[in-house]
Amino acid sequence: MFSIIIPTFNNIEYLKKCVHSIKKNSTYDHEIIPHVNEGSDGTIKYLIENKIDFTHTEHNSGICTGMNMAAKKANTKYILYAHDDFYFCPKWDLVLKKEVDKIGHNKFYLSGTMVNNGQIKLDCGNNLESFNEKKLLKEVDAANYYDFQGSTWAPHLIHKEMWNMIGGFSEEFFPGTGSDPDLNMKLWKQGVRIFKGINDFKVYHFGSIVTRKYKNHPTIKTESGSRGAKIFLLKWGVTINFFKKFILNSDTKYLGELRDPQKNINYLIQLLLCKLNFLYIKYIYNINNKHKLI
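Overview of the structure.

Reading the values: rules and limits
- Residues numbered from 1 in each chain as written.
- Predicted model: local features only at pLDDT ≥ 70, side-chain atom pairs only at ≥ 80, totals over all residues.
- Heavy atoms only, no water.
- Helix = DSSP H or I, 4+ residues; strand = E, 2+ residues; numbered from the N terminus.
- 1 Å grid on protein atoms, 1.4 Å probe; cavity = no way out; pocket = protein on both sides within 12 Å on 5 of 7 lines; lining within 4 Å.
- Points joined across faces, edges and corners; volume = space filled by probe spheres on them.
- Nonpolar A, V, L, I, M, F, W, Y, C, P; charged D, E, K, R; others polar.
- Buried < 20%, exposed > 50% of the residue type's maximum accessible area, 1.4 Å probe, protein only.
- Expected span 1.5 Å × (residues − 1).
- Pairing = 2+ DSSP bridges.

## With respect to the environment of lysine 245
Thinking step 1. Turning to its location among the elements, lysine 245 is positioned in helix 10 (residues 240-247).
Thinking step 2. It is 13 Å that separates the C-alpha atoms of lysine 245 and methionine 185, two residues lying 60 residues apart in sequence.

Below, the structure is given as structure tokens:
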């Protein structure tokens, strides 16, 4: 049904739990393809023993490169991007399939709703040691948000044709910050107008386990702070916040396909501020910093 791509970085126990949840709570059979960054914790041995195909780099290649490498192995029509610290809740794929069938074409970006560290506040533990799977399965159906507009995060599903058309993730956003809205902007430029977050497509999110593990590490980079936002601005001429607010209408109630934004006074003022910020980043910030963004 779906090709589930999971970048992972020395996070074997969470990856095991993620794979367990997919196999336990899916209605259909899916292709699971992790990308292993480094894998010094036994991840590769685990994947081989469980006959799970994967790609591998001996270093931390980041989310974008890992996703792009693993997606080349996908044999289904759909690319689903997941984090290795997700637990997929029951009926997630049944919900997605119904949504895809209802749309009837391949120009869409469908995203899930995150439980715990996300939209739905249901505490079933912040790590594997405290994780209460029984409580989650009992209470998750009653814990709801709403279908929302303009999602820009994982888990997300897009058609493989659209993925190939836009070239997947843009690798200049290493290790990953800013790459999700950039992917959305590329889809927007290709005429995609369905950007929908689905309430009933739920995953439990333990909360960026790898990012927390390597925070402030002297050599291992798992987040890029504001660098991704600056790259996005230089690439597209607007900020991520502008794109999400005025084009994607992010986090508002889903009302159907998006239309081109209304260019009212607020829109024009915020666009002008984006242009001034663009000029500052391009001609002042870059000159005064040793390592240029692009």
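The rest of the description comes next.
## A few points about the layout of surface pockets
Thinking step 1. Its boundaries defined by the atoms lining it, the second largest pocket holds a volume of some 180 Å³.
Thinking step 2. Those elements giving two or more residues to the lining of the second largest pocket turn out to be helix 7 (179-189), helix 10 and helix 11 (265-288).
Thinking step 3. By residue number, the principal contributor to the lining of the second largest pocket is helix 7, which donates three residues.
Thinking step 4. Among the residues forming the lining of the second largest pocket, the class breakdown is nine nonpolar, no polar and two charged.

## A few points about helix 10
Thinking step 1. The buried fraction of helix 10 is high, at six of eight residues.
Thinking step 2. Along helix 10, the residues that are buried comprise Ile240, Phe242, Phe243, Lys244, Phe246 and Ile247.
Thinking step 3. Just downstream of helix 10, asparagine 249 is the residue with a positive phi angle, here 55°.

## Some details on helix 1 (residues 12-25)
Thinking step 1. With 14 residues, helix 1 should cover 20 Å at 1.5 Å per step; its first-to-last C-alpha distance of 20 Å lies within 8% of that length.
Thinking step 2. Among the residues of helix 1, those classed as buried are Ile12, Tyr14, Leu15, Cys18, Val19, Ser21, Ile22 and Asn25.

## Side note on the pairing of strand 9 (residues 195-205)
Thinking step 1. For strand 9, the tally of buried residues reaches 10 of 11 residues, placing the bulk of the element in the interior.
Thinking step 2. In the sheet, strand 5 (residues 86-88) pairs with strand 9 via three bridges, with the strands oriented antiparallel. Paired with phenylalanine 86 across the strands is histidine 205, a residue of strand 9.
Thinking step 3. Relative to strand 9, strand 6 (residues 109-116) runs parallel, the two being bridged by seven bridges. Residue pairing in the sheet places valine 115 in a bridge with tyrosine 204 of strand 9.
Thinking step 4. Two strands pair when backbone bridges link them, and strand 7 (residues 148-149) and strand 9 are joined in this way by two bridges, in the antiparallel orientation. Along strand 9, the bridge assignment pairs glutamine 149 with lysine 196.

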